[in-house]
Amino acid sequence: MKTLSALALAFAVFAPAAALAQGNPPGPRVVVIDKVAILQSSKVGQDVAKQVQGLAEQARKDLTAQGQAIQTEGRQLQQQVAILAPDLKQKRMAAFEAKQRSLQGAAQKKDEQIKGGFLRARQAMEQALGPILEEVVKERGANLVLDKQAVVFANNGAFDITREVIARLDQKMPTYKVTLAAAPAPSAPAQQ
């Protein structure tokens, strides 16, 4: 009987060490972040959103003025169509349609440039966020970070490090200058 309890004690003591030696990971120590809140509530997130909104508004104003000029030209062309010779009518209609396509292309290009600027800003924010997360995770002794959107249930808010991360991001990166840019190329999947 003593031998059996000694074996049980030895197993209880050495089993965790054997599990680690076999590569079994330690138990999870979880912290939670709300990435959406970080991107929206941080100073840099609000700064980027304000700049993107301003760029979009300016583009809308510019394109609206051009659109109104094309509409006016279209009305004038409709009035002239009845009296123009067929070949001249066709040339003017083609030129007018080319202007419309050009305006649509300009609007699409501006939209893509604004989105590209936003994506670059977001990448810069995430690059700044990485070391901050590593630091907080290390301080908390955590080994797993979950996005709040993935958490189904938590009975304790102590896991959530979002406010702490926002405060540190605010100190490290309070602003970012958004510039119009082509959308960054999607990153290629890692080759294994």
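Cut-off values and rules
- Residues numbered from 1 in each chain as written.
- Predicted model: local features only at pLDDT ≥ 70, side-chain atom pairs only at ≥ 80, totals over all residues.
- Heavy atoms only, no water.
- Core = buried A, V, L, I, M, F, W, Y, C linked by side-chain atoms within 4.5 Å.
- Buried < 20%, exposed > 50% of the residue type's maximum accessible area, 1.4 Å probe, protein only.
- Helix = DSSP H or I, 4+ residues; strand = E, 2+ residues; numbered from the N terminus.
- Contact = heavy atoms within 4.5 Å.
- Expected span 1.5 Å × (residues − 1).
- Bend = angle between axes of the 7 residues up to and from the residue.
- pLDDT = per-residue confidence, 0-100.

So what's going on with the nonpolar core? Residues and values would help.
By size, the foremost hydrophobic cluster in this structure holds 25 residues, and its most contacted members are I38, V48, I161, V165, L169 and M173. Looking at this core, the elements with two or more residues in it are strand 1 (30–33), helix 2 (35–41), helix 3 (43–81), helix 4 (86–140) and helix 5 (162–172). If you tally residues by element for this core, the top one is helix 4, at 10 residues. With sequence-adjacent residues up to four places away left out, I38 is seen in contact with I33, L129, T162, V165, I166 and L169. Listed in part, the five residues of the second largest apolar core include L63, I70, L77 and F96.

Explain helix 5 residue by residue, including any values.
Among the residues making up helix 5, those that are buried are T162, V165, I166, R168, L169 and D170. As for helix 5, its buried residues are in contact with strand 1, helix 2, helix 3 and helix 4.

So, helix 4: which residues are in play, and what are the values?
With 55 residues, helix 4 extends 79 Å between its outermost C-alpha atoms, agreeing within 8% with the 81 Å of an ideal straight helix rising 1.5 Å per residue. Along its length, helix 4 shows its largest kink, about 25°, at L129, and proline P131 lies within four residues downstream of that point. Two residues or fewer past helix 4, G141 is found with a positive phi of approximately 70°.

Describe the confidence of the model for the protein, listing the residues and the values that go with them.
Scored by pLDDT, the protein comes out at a mean of 84, with 83% of its residues at no less than 70. By mean pLDDT, helix 1 (residues 2–21) is the weakest element of the protein at 42, and helix 5 is the strongest at 96. Low pLDDT, under 50, characterises residues 1–20; the stretch is placed with three contacts to residues that sit more than four places away or in other chains.

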